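Summary of structural features
The lines below spell out each chain.
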Amino acid sequence: MILNGNSPSGPLAQMWDRRRQELKLVNPANKRKYKIIVVGLGLAGASAAATLGELGYQVEAFCFQDSPRRGHSIAAQGGINAAKNYPSDGDSIFRLFHDTIKGGDFRARESNVYRLATLSNLIIDQCVAQGVPFARDYAGYLDNRSFGGAQVSRTFYARGQTGQQLLLGAYGALSRQIHAGTVRLFPRSEMLDLVVVNGQARGIIVRDLVTGMVNSFAADAVCLCTGGYTNVFNLSTNAMGSNVTATFRAYMKGAYFANPCYTQIHPTCIPVTGEHQSKLTLMSESLRNDGRVWVPKTGGDKRAPRDIPEGERDYFLERKYPSFGNLAPRDIASRAAKEVCDEGRGVGPGGRGVYLDFADSIARLGKEKIAERYGNLFEMYQKITAENAYDRPMRIYPAPHYAMGGLWVDYNLQSSIPGLFVLGEANFSDHGANRLGASALMQGLADGYFIISHTIADHLARTEPGKVRPEHEEFKRAEEGVNSRTKKLLSIKGGKTASDFHRQLGSIMWEHVGMARTRESLGIALGRIPELRAEFWENVAIPGSGAQLNQELEKAGRVADFLEFAELMALDALQREESCGGHFRVEHQMPDGEARRDDENFCYVAAWQFRGRDGSPELHKEPLIFENIPLATRSYK
Ligand SMILES: Cc1cc2nc3c(=O)[nH]c(=O)nc-3n(C[C@H](O)[C@H](O)[C@H](O)COP(=O)(O)OP(=O)(O)OC[C@H]3O[C@@H](n4cnc5c(N)ncnc54)[C@H](O)[C@@H]3O)c2cc1C
């Protein structure tokens with residue numbers, strides 16, 4: 001089937017206005033009759049729930065943490081993009097749009113990305129009004145720094161804690177609605193299924209993680225804001241609880257999953273040190289504003305970094321990409337780091353690392369200035385590695401970080417199931433095959449503060465409020481499904497923990513579906529994943545019961561979903577016979593090792609439809625049309 005992204009017609013710059021004009025409204029007195037479920041309260045969900053509550057809808061908001069303040073968004077370090085052009089360095093809405101389309105390697109929808117660039121400026125105003133303490137310059141204006149894939153400074157930041165400060169702003173707005181009674185908060189609650197009645201999303205099944213009770217919640221629309229799936233690699237920069245369960249269950253209920261093979265491997269993470277690790281730590285991309293990336297020119301050079309003279313160092317990003325240098329986009333910088341390590345020039349244990357060196361910046365700006373900009377990141381680095389990055393370069397290596405793929409949504413953020421909307425990292429919408437730094441927060445907040453309130457109204461205005469209740473047989477059936485799966489998991493009493501299986505899955509994914517994929521490696525993954533999944537259902541060990549707090553049970557449920565999702569990801573990578581952004585197929589590269597796109601055959605969004613456990617998923621394609629930025633080979637040279 002050819003999918004339609006439902007973008008408005010007409011000139012790009014007028015599309016969002018035009019769409020808002022076309023969308024139906026719900027009058028203020030009727031809003032309170034509608035119930036909306038918001039699952040996930042990171043930045044996308046908290047901003048959506050607060051906005052919908054402020055408008056007067058009845059909102060029920062769920063997250064599995066004990067507080068929305070612990071949503072994974074809190075981890076975001078470097079900043080949030082906006083086209084304010086405060087430094088007057090040539091930025092504009094069009095340039096942000098252009099950089100994002102190009103950064104995504106021409107695999108995103110133009111209409112969505114232009115809207116994102118337009119809304120970026122409103123986000124900053126909104127957050128400033130909430131009191132988010134963005135960094136300011138000497139004159140008191142909001143300060144900006146640079147991120148990858150841009151030649152302007154457009155990233156607003158709050159030291160290395162931007163996500164935390166933005167989340168506190170959103171949480172404040174949410175708390176106001178909880179106090180006003182428009183939002184009911186359900187923390188420590190995990191959505192385990194979506195309920196679809198007569199083809200329309202009508203509610204969710206939720207397990208109370210403290211009591212183990214499984215309950216049904218009915219509504220007139222459901223918003224999934226449940227984040228990304230990068231933990232399919234086991235080791236990633238994501239919070240340990242980040243998972244694919246909600247989106248995968250929605251996929252099994254009919255929502256299409258788009259571009260699952262597009263995952264971002266971030267170039268600046270603290271290298272893996274061993275099997276004992278349960279997660280990896282990001283060193284924000286913002287560090288590449290002042291840090292220079294290098295390795296020794298000669299393989300096997302074991303000298304301390306300060307003993308290696310300038311002439312014997314290879315500043316490989318500056319050499320290969322002189323226009324963007326250390327701020328080349330993530331996919332490119334990651335592959336370049338892998339390349340030099342594969343050549344035997346990597347540093348640190350196992351040779352899987354490159355230097356990120358601040359010596360020049362410290363000499364130029366002084367240690368205090370660097371500490372002011374990145375102090376908390378240097379502290380974090382020292383706590384983990386016992387090395388002082390003011391004195392010797394950091395060691396960094398690429399690690400799984402972000403999911404560009406996600407549930408397919410149209411321009412209105414509506415999935416292929418009417419009434420199911422998907423926001424933030426959980427959808428596939430705006431980043432194509434590679435996300436630029438500082439654009440995830442921008443997208444999540446654009447979705448939550450500025451888009452969903454308009455588009456959901458159009459759906460609600462066509463829906464009779466409260467028509468389906470939790471007593472409906474579809475809810476009963478879905479509850480039974482959740483209970484019997486839990487029972488099955490608890491009954492296995494095998495010999496390996498869920499974490500053991502997750503580790504094994506992660507190593508299959510990293511080795512065969514990671515930074516470089518081949519037809520052969522994907523075939524291996526597609527063979528091994530079902531074997532591992534079969535073993536899981538025979539041999540997973542879960543202590544305790546389902547009638548209490550049981551984190552092993554939670555983990556096992558999430559790993560079970562990763563074991564299914566991983567196969568879809570490998571399948572998607574196999575069918576995409578091209579290299580683009582974060583999806584690098586070794587067979588498809590230029591003579592100089594850069595990605596070779598195939599626009600003639602693959603300029604589409606791949607959206608997969610679940611066809612039952614025994615069938616293969618069906619591929620639908622949404623053609624991507626570029627009318628405002630001509631398709632071109634990406635170059636950052
Ligand atoms: C270390 C790090 C640094 C980053 N730095 C930046 C940065 O500087 N700039 C930038 O733009 N981006 C950054 N990113 C990316 C960005 O932080 C995320 O993409 C973004 O915060 C995701 O927001 P979200 O609201 O979509 O999802 P999340 O913040 O992941 O929130 C997901 C929510 O869903 C809930 N949830 C999930 N599943 C269920 C379920 N089944 N039932 C109930 N609740 C569920 C969780 O409880 C949580 O509340 C960074 C990412 C990492 C890992």
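What you are looking at is a predicted structure, and each value in this text was computed from that prediction instead of being measured.

Definitions and cut-offs
- Residues numbered from 1 in each chain as written.
- Predicted model: local features only at pLDDT ≥ 70, side-chain atom pairs only at ≥ 80, totals over all residues.
- Heavy atoms only, no water.
- Near = heavy atom within 4 Å.
- Polar contact = N/O pair within 3.5 Å; in protein donor to acceptor, adjacent residues only side chain to side chain.
- Areas by Shrake-Rupley, 256 points an atom, 1.4 Å probe, with all protein chains shown as cover.
- Helix = DSSP H or I, 4+ residues; strand = E, 2+ residues; numbered from the N terminus.
- Phe/Tyr/Trp six-rings, centres within 6.5 Å; stacked < 30°, edge-to-face > 60°.
- Buried < 20%, exposed > 50% of the residue type's maximum accessible area, 1.4 Å probe, protein only.
- Lys NZ or Arg CZ within 6 Å of the ring centre and 35° of its normal.
- Pairing = 2+ DSSP bridges.
- Axes fitted to C-alpha atoms, helices over the stretch in contact; angles between N-to-C directions.
- Parallel < 35°, antiparallel > 145°, perpendicular 65-115°, else oblique.
- Contact = heavy atoms within 4.5 Å.
- 1 Å grid on protein atoms, 1.4 Å probe; cavity = no way out; pocket = protein on both sides within 12 Å on 5 of 7 lines; lining within 4 Å.
- Points joined across faces, edges and corners; volume = space filled by probe spheres on them.
- Salt bridge = Lys/Arg side-chain N within 4 Å of Asp/Glu carboxyl O.
- Core = buried A, V, L, I, M, F, W, Y, C linked by side-chain atoms within 4.5 Å.
- Expected span 1.5 Å × (residues − 1).

Once that is clear, we can look at the site of the ligand. Taken together, 36 residues lie near the ligand, and Q65, S73, G78, G79 and E425 sit nearest. Side-chain polar atom of Q65 to an oxygen atom of the ligand: 2.3 Å apart, as the coordinates give it. Surface burial for the ligand is 97%, taken as the share of its 1,000 Å² of free accessible area covered by protein chains. Counting residues per element, the ones that place at least two in the shell around the ligand are α3 (43-55), β6 (189-197), β15 (394-403) and α12 (440-461). Considering every element that reaches the shell around the ligand, the biggest residue donor is β6, with three residues.

What follows deals with the packing of aromatic side chains. If you walk through the whole model with that rule in mind, you get 26 aromatic pairs. On the numbers, 4.7 Å between centres and 10 degrees between planes, the contact of F62 with F186 is stacked. Of this pair, F62 sits in strand β2 (residues 58-62) while F186 sits in strand β5 (residues 183-186), and the two are 124 residues apart along the sequence. Judged by relative accessible area, F62 falls into the buried class, the value being 1%. According to the relative accessible area criterion, F186 is buried, its value standing at 14%. Joined through ring pairs, the aromatic side chains of Y229, F248, Y251, F257, F565 and F610 make up one cluster. Taking NZ or CZ as reference, R435 lies 4.1 Å from the ring centre of Y402, over its face. Between the NZ or CZ atom of R558 and the centre of the ring of F64, over which it lies, the distance is 4.5 Å.

Below, the discussion takes up the pairing of β15. Across the 10 residues that make up β15, a large majority, 10, are buried. Inspection of the sheet shows strand β11 (residues 263-269) paired to β15 by five bridges, in the antiparallel sense. Note on β15: the bridge partner recorded for H266 is A399.

In a pair of packed helices, the angle between the axes and the distance between the axes together describe the arrangement. Contact pair helix α13 (residues 473-492) / helix α15 (residues 519-539): the axes reach a minimum separation of 7 Å and the direction vectors enclose 80 degrees. With respect to α15, the axis of α13 lies roughly perpendicular. Contact with α13, carried on its side by R485, K488, L489 and I492, involves F536, W537, E538 and N539 of α15 and no other residues of that element.

Okay, empty space enclosed by the protein next. In total, this model carries six cavities of 30 Å³ or more according to the counting rule given. Empty space within the largest cavity amounts to approximately 140 Å³. If you go around the largest cavity, you meet 14 residues; those closest to its centre are L192, R485, T486, L553 and G557. Contributions of two or more residues to the lining of the largest cavity are made by β6, α7 (245-252), α13 and α16 (551-575).

Now for the pattern of salt bridges. If you walk through the whole model with that rule in mind, you get 55 salt bridges. Here E60 makes a salt bridge to K35, at a shortest N to O gap of 3.4 Å. Of this pair, E60 sits in strand β2 while K35 sits in strand β1 (residues 35-39), placing them 25 residues apart in sequence. One salt bridge connects E578 with R576, and the closest N-O pair in it is separated by 2.7 Å. In this structure, E578 and R576 share a single accessibility class: buried. What you see here is one network of salt bridges that share partners, running through D105, R107, D331, R576, E578, R597, D599 and R634.

Turning our attention to the nonpolar core. Membership of the largest hydrophobic core comes to 145 residues, with the highest contact counts inside it found for I80, L194, I204 and L420. By residue number, the principal contributor to this core is α16, which donates 13 residues. In contact with L194, other than residues within four places in its own chain, are A201, G203, I204, V222, A250, K253, I417 and L420. In terms of nonpolar packing, the next biggest core, distinct from the first, is built from 33 residues, F316, Y374, Y381 and M515 among them.

Moving on to the sheet that holds β1. Read from one edge to the other, the open sheet built from five strands follows the order β5-β2-β1-β9-β17, with strand pairing classed as parallel. Each of the sheet's edge strands pairs with one partner strand only, and the pair in question is β5 and β17 (420-422). Across this sheet, the average inter-strand angle for adjacent strands is 20 degrees, counted without regard to direction. Alignment of strand β9 (residues 221-224) against β17, held across three bridges, turns out to be parallel. Along β17, the bridge assignment pairs C223 with F421. Set on the sheet, α12 makes contact with β1, β9 and β17; between it and β9 the angle comes to about 150 degrees.

Moving on, we get to the environment of T100. Relative to the assigned elements, T100 resides in helix α4 (residues 93-103). In sequence terms T100 and A250 are 150 residues apart; their C-alpha atoms lie 28 Å from each other. Apart from the residues lying within four places of it in its own chain, the contact partners of T100 are V113, D430 and L436.

Quick look at α13 now. The terminal C-alpha atoms of α13 lie 29 Å apart, and with 20 residues this matches the ideal 28 Å at 1.5 Å per residue to within 8%. What α13 keeps buried is the set F475, A478, E479, V482, R485, T486, L489, L490 and I492. In this structure, the buried side of α13 is in contact with β6, β7 (200-208), β8 (214-218), α7, α15 and α16. Positive phi shows up at K493, right after α13, with a value of about 50 degrees.

This brings us to the pairing of strand β12 (residues 292-296). Of all the five residues making up β12, four are buried; the element is thus mostly covered by neighbouring parts of the structure. Across three bridges, β12 lies against strand β14 (residues 354-357) in antiparallel orientation. Considered in β14, the bridge of W294 is made with Y355. Examined bridge by bridge, β12 and strand β13 (residues 313-314) share two bridges and lie antiparallel to one another. Residue V295 lies in a different strand from β13, and its bridge partner there is D314.

Attention now goes to the sheet that holds β14. Strand pairs in the sheet, formed through backbone hydrogen bonds, run parallel or antiparallel to each other. Within the open sheet, the five strands sit side by side as β11-β15-β14-β12-β13. Their pairing is antiparallel. Edge positions in the sheet fall to β11 and β13, since each of these pairs with one other strand and no more.

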